[in-house]
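The lines below spell out each chain.
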Amino acid sequence: MSSVCWQITFHPSQENTAAFDEFMDYFFEVSAQNYASSPDGFDEYVGYQSGDFEEQTMLDAAAAFGIKLPSYEIKELKSENWLKDYVIKFSPFEVGDFCIYGIHEKTAPQTSKIPLQIYAATAFGSDHATTRGCITALCELKHRGLSPQRVLDIGTGSGILSLCAASLWPQASVFAGDIDDEAVIVAAANAETNRLNRRITAFLSDGYQNPQIAAQAPYEIVLSNILANPLVSFAPDLAKNLAIGGYAILSGFVDNQTAEVIAAHEKCGLKQIKLYSFDNWRIALLQKA
């Protein structure tokens, strides 16, 4: 592997388009999608390319896809193994009942918690405030005595929330959907790595459109760690697929978006049980009446 890699970090000021996603997949060897730290909540995108890099070549490729690139930063990375050192590497962290560690670790950390090994290069950052918040809410439901048979994870990304649900409830079947086919591949691989692939089904779905979702409904838990706008638009579909008395754990929105997200779900028959704050992000636990 080349010892030089170029990291290009994009900071969109609005939601990305399908053409932008296609450009990222086409132009870069590896692309990652992470939540931006800015208050607007838009995603941050990172592309990695080894060897030579020409900025104009990137601009020409974007133009060929009919897009104008958002603001970006270019950084040269030097490493004997840049994929390991910069893309998939994150420090092990503990949250709730779990210890999460990366595939670059040779052995699982010494811990009394449930270990989960994650590859997260091409999905939302596994060690993100929204991820921690959703895992915290899941663990609280476990300790309340909830015993679901079916769990749905919309926008699964790396599949980390599905892995947690399958680990907490060995009797449950977990269905993990994502609009990004690469995320589906990563989620399925993570399930296999953690020997949970027999109980986690990863599939491609734009929101709730995959007919497999309705076929397995209702679900006692629905997870969705995405962004405010899709959460609002998906609220009726979530309510339709959630069992009466079932719980929804939602995240990917900030403080000034909370009222809109909660109101959209209240209109569909859900009520807020608890609201968590992790950094500037909010995580909502709701229940269907």
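Draft legend 1. Structural view of the environment of Q7. Mapped onto the fold, Q7 is located in strand β1 (residues 4–11). Q7 gets classed as buried once you look at its relative accessible area, which sits at 16%. Along the chain, Q7 and E73 lie 66 residues apart, while their C-alpha atoms are 8.0 Å from each other. Among residues more than four places away in sequence, those in contact with Q7 are V46, G47, Y48, E73, I74, K75 and L77. Side-chain polar atoms of Q7 contact the side chain of Y48, separated by 3.2 Å.

Draft legend 2. Highlighting helix α1 (residues 18–27). When we look at burial in α1, the residues that qualify are F20, F23, M24 and F27. On an axial view of α1, the arc spanned by its buried residues comes to 100°, and they lie on one face. Among the exposed residues of α1, those oriented more than 90 degrees off its buried face are A18 and Y26.

Draft legend 3. Just the nonpolar core, in detail. With 34 residues, the main nonpolar core has F98, I135, L138, W169, I200 and I249 as its most contacted residues. Examining the composition of this core, we find that 7 residues originate from one element, helix α5 (residues 160–168), more than from any other. Residues within four places of I249 in sequence aside, it is in contact with C134, A137, L138, L141, V222, L223, S224, I283, A284 and L285. With 23 residues, the next largest nonpolar core counts V222, I226, F234 and A248 among its residues.

Criteria and cut-off values
- Residues numbered from 1 in each chain as written.
- Predicted model: local features only at pLDDT ≥ 70, side-chain atom pairs only at ≥ 80, totals over all residues.
- Heavy atoms only, no water.
- Helix = DSSP H or I, 4+ residues; strand = E, 2+ residues; numbered from the N terminus.
- Buried < 20%, exposed > 50% of the residue type's maximum accessible area, 1.4 Å probe, protein only.
- Contact = heavy atoms within 4.5 Å.
- Polar contact = N/O pair within 3.5 Å; in protein donor to acceptor, adjacent residues only side chain to side chain.
- Arc of directions from axis to C-beta.
- Core = buried A, V, L, I, M, F, W, Y, C linked by side-chain atoms within 4.5 Å.

Note that every value here comes from positions in space, so none of it alone points to a role or purpose.
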